[in-house]
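The lines below spell out each chain.
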Amino acid sequence: FQLYGYCYQDSNDIPDTLTTITELGSPLEMIQLLQTSWEDRFRICLSLVRLLHYLAHSPLGSVTLLDFRPRQFVIVDGELKVTDLDDASIEESSCTSNSDCFMEFPARNFTLPCSVEGRCQNMNEKRNLYNAYRFFFTYLLPHSAPSSLRPLLDKIVNATGNRNKRGNANYFLFYLSPSVNSEFTQKCVKSANTKYRRVPEAFIPDENYRCWPSYHHKGCLLSVFDVNEAIEICDSYSQCKAFVLTNQTTWTGRQLVFFKMASNHIMPDPDKITYVKVTD
C-alpha cells in the first residue's frame, strides 16, 4: 500500500499515536469482481501473487496475515492491495515435533515439518497461500477463463489448495507471470465468412446492446486481440450488426471494441474505425 505521509503524536490526551496517509482504494466486493472480465480478475490475482512473494521475502522476514480476508484488501487502479496490517506477524511457530506444526482450516488441514531450529518450516507462507486459495484463487481464476489457459490455471489452483513441496510464492509467481498474459492475448480465431465494410474515422454513438462481461454497463464493450477476433465475436451475437474499434487498450494491450446492433447513424471520429456487417 502506498504511504504518502505520516504523523507521530505524543500528548497527554493521545499518547503514542501514529497517523498515516495512504492512497485511496475501493472496497473489495467479491460479487462485483465475479461480474468483471477474466482479464481483470487475472490482474487482481497476479497482484495478489506479487504480494504473497513480498510477504514471504520481506526485509523483516516471512510475514503472515492472520486475518486474511477480502475485507482487509482494496482495489487501486485494478490491482489488489492490503490495507489492514494490524494482524500481520513475523513470528514462525515454535515446535518440538511435526505434530506441533498443525494448521487447521475450515475445509482442510496441514501438518508442516519442524526444523532443527525448532520452527515450523514456511508456516507463515503456507498460511498466506492457502488463504489466498480459499478466498481468491478458487473464485477468480477458473471462472470464465480462456480454454487454452484452463489446464495451467487448474494446476495453480489445485497446488495452492494442497500440500505441495513446490507450493510457495516463488512457484506461483513464476506461473502467474506475463507469459500467461501473452498466451492469453495471442488468441487464434477462425476466419469468418461474414463480410464487413470498413469505415475509417467513424463512430456509432447509439445502437447499444448489453453483453457479459462488458467494460461498459450500458453497452457491449469487450477486449479483442485483433479485427478477426472482433468479427468472430460480432458473428456470435445475433443482434450485432457492426462494431467500432477504439484507440483504448486494456492493461494487457488488448484493444477495446464497442459492438452495435445497427449502423443507421454513423458520425465522424478520427480516433475510431467502424466495421459494418454487409447484408445480402
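Residues numbered from 1 in each chain as written. Predicted model: local features only at pLDDT ≥ 70, side-chain atom pairs only at ≥ 80, totals over all residues. Heavy atoms only, no water.

Under an unreviewed UniProt entry, the name given to the protein chain is Protein kinase domain-containing protein, cytoplasmic, and the organism recorded is Antrostomus carolinensis.

*Asks:* How should I be thinking about helix α3 (residues 123-140) in this particular structure?
*Replies:* Since the α-helix packs 3.6 residues into each turn, any two residues three or four apart lie on the same face. Taking 1.5 Å of rise per residue, the 18 residues of α3 would be expected to cover 26 Å, and the 24 Å separating its terminal C-alpha atoms lies within 8% of that figure. Of all the bends in α3, the greatest, near 50°, is centred on Tyr133. Most of α3 is tucked away: 15 of the 18 residues are buried. (Helix = DSSP H or I, 4+ residues; strand = E, 2+ residues; numbered from the N terminus. Expected span 1.5 Å × (residues − 1). Bend = angle between axes of the 7 residues up to and from the residue. Buried < 20%, exposed > 50% of the residue type's maximum accessible area, 1.4 Å probe, protein only.)

*Asks:* Help me understand the environment of Ser144 in this model?
*Replies:* Relative to the helices and strands, Ser144 resides in the loop between α3 and α4 (150-160). The partly exposed category is assigned to Ser144, whose relative accessible area is 37%. Ser144 sits 106 residues away from Trp38 along the chain, and the two C-alpha atoms are 6.2 Å apart. What Ser144 contacts, discounting residues up to four positions off in sequence, is Trp38, Arg41, Arg150 and Trp212. (Contact = heavy atoms within 4.5 Å.)

*Asks:* How should empty space enclosed by the protein be read in this particular structure?
*Replies:* Taking a probe equal in size to a water molecule and rolling it over the atoms shows the remaining empty space. Evaluated as defined, the whole model comprises one cavity of 30 Å³ or more. In this structure, the largest cavity occupies an estimated 50 Å³ of space. What lines the largest cavity is simply Leu65, Asp67, Gln72, Phe73, Val82, Asp84, Leu85, Asp86, Asp87 and Ala88. By residue class, the composition of the lining of the largest cavity is five nonpolar, one polar and four charged. (1 Å grid on protein atoms, 1.4 Å probe; cavity = no way out; pocket = protein on both sides within 12 Å on 5 of 7 lines; lining within 4 Å. Points joined across faces, edges and corners; volume = space filled by probe spheres on them. Nonpolar A, V, L, I, M, F, W, Y, C, P; charged D, E, K, R; others polar.)

*Asks:* Help me understand the side chain of Asn131, please; the structure alone is not making it clear to me.
*Replies:* Take Asn131: it is sitting in helix α3. On the basis of relative accessible area, Asn131 is assigned to the buried category, the value being 5%. A distance of 2.8 Å separates the side chain of Asn131 from the side chain of Arg134, its partner in a polar contact. With sequence-adjacent residues up to four places away left out, Asn131 is seen in contact with Leu65, Phe68, Phe105 and Phe136. (Polar contact = N/O pair within 3.5 Å; in protein donor to acceptor, adjacent residues only side chain to side chain.)

*Asks:* Any chance you could explain unusual backbone geometry here in plain terms?
*Replies:* Phi is mostly negative for residues that are not glycine, and the peptide bonds are mostly trans. Of note in the backbone geometry, Asn122 takes a positive phi value of approximately 60° without being a glycine. Secondary-structure assignment places Asn122 in the loop between β9 (109-111) and α3. For Glu207, which is not a glycine, the phi torsion comes out positive at approximately 60°. Position of Glu207 relative to the elements: it lies in the loop between β10 (196-203) and β11 (220-224). In this structure Glu207 comes out as partly exposed when scored by relative accessible area, which is 22%.

*Asks:* Would you mind showing me how to read the sheet that holds strand β3 (residues 26-27) here?
*Replies:* Hydrogen bonding along the main chain pairs the strands of a sheet, whether they run parallel or antiparallel. Pairing within the open sheet is antiparallel, and its three strands lie in the order β3-β5-β6. What marks the edges here is a single partner per strand, and that holds for β3 and β6 (79-82). Where strand β5 (residues 73-76) lies against β6, four bridges are found, and the strand directions are antiparallel. Bridged to Val74 within β6 is Lys81. Along the sheet, helix α2 (residues 38-56) makes contact with β5 and β6, crossing β6 at roughly 35°. (Pairing = 2+ DSSP bridges. Axes fitted to C-alpha atoms, helices over the stretch in contact; angles between N-to-C directions.)

*Asks:* Would you mind showing me how to read the sheet that holds strand β12 (residues 242-249) here?
*Replies:* Pairing within the open sheet is antiparallel, and its five strands lie in the order β10-β14-β12-β13-β11. Every other strand in the sheet has two partners, leaving β10 and β11 as the edge strands with one partner each. Going from strand to strand, the sheet's axes swing by 30° on average, the running direction of each strand aside. Where β12 and strand β13 (residues 255-260) come together, five bridges link them in antiparallel fashion. Its bridge partner being in β13, Phe243 is matched across the sheet by Phe259. Packing of helix α7 (residues 227-236) onto the sheet brings it into contact with β10, β11, β12, β13 and β14 (267-277), and relative to β12 it is tilted by some 135°.

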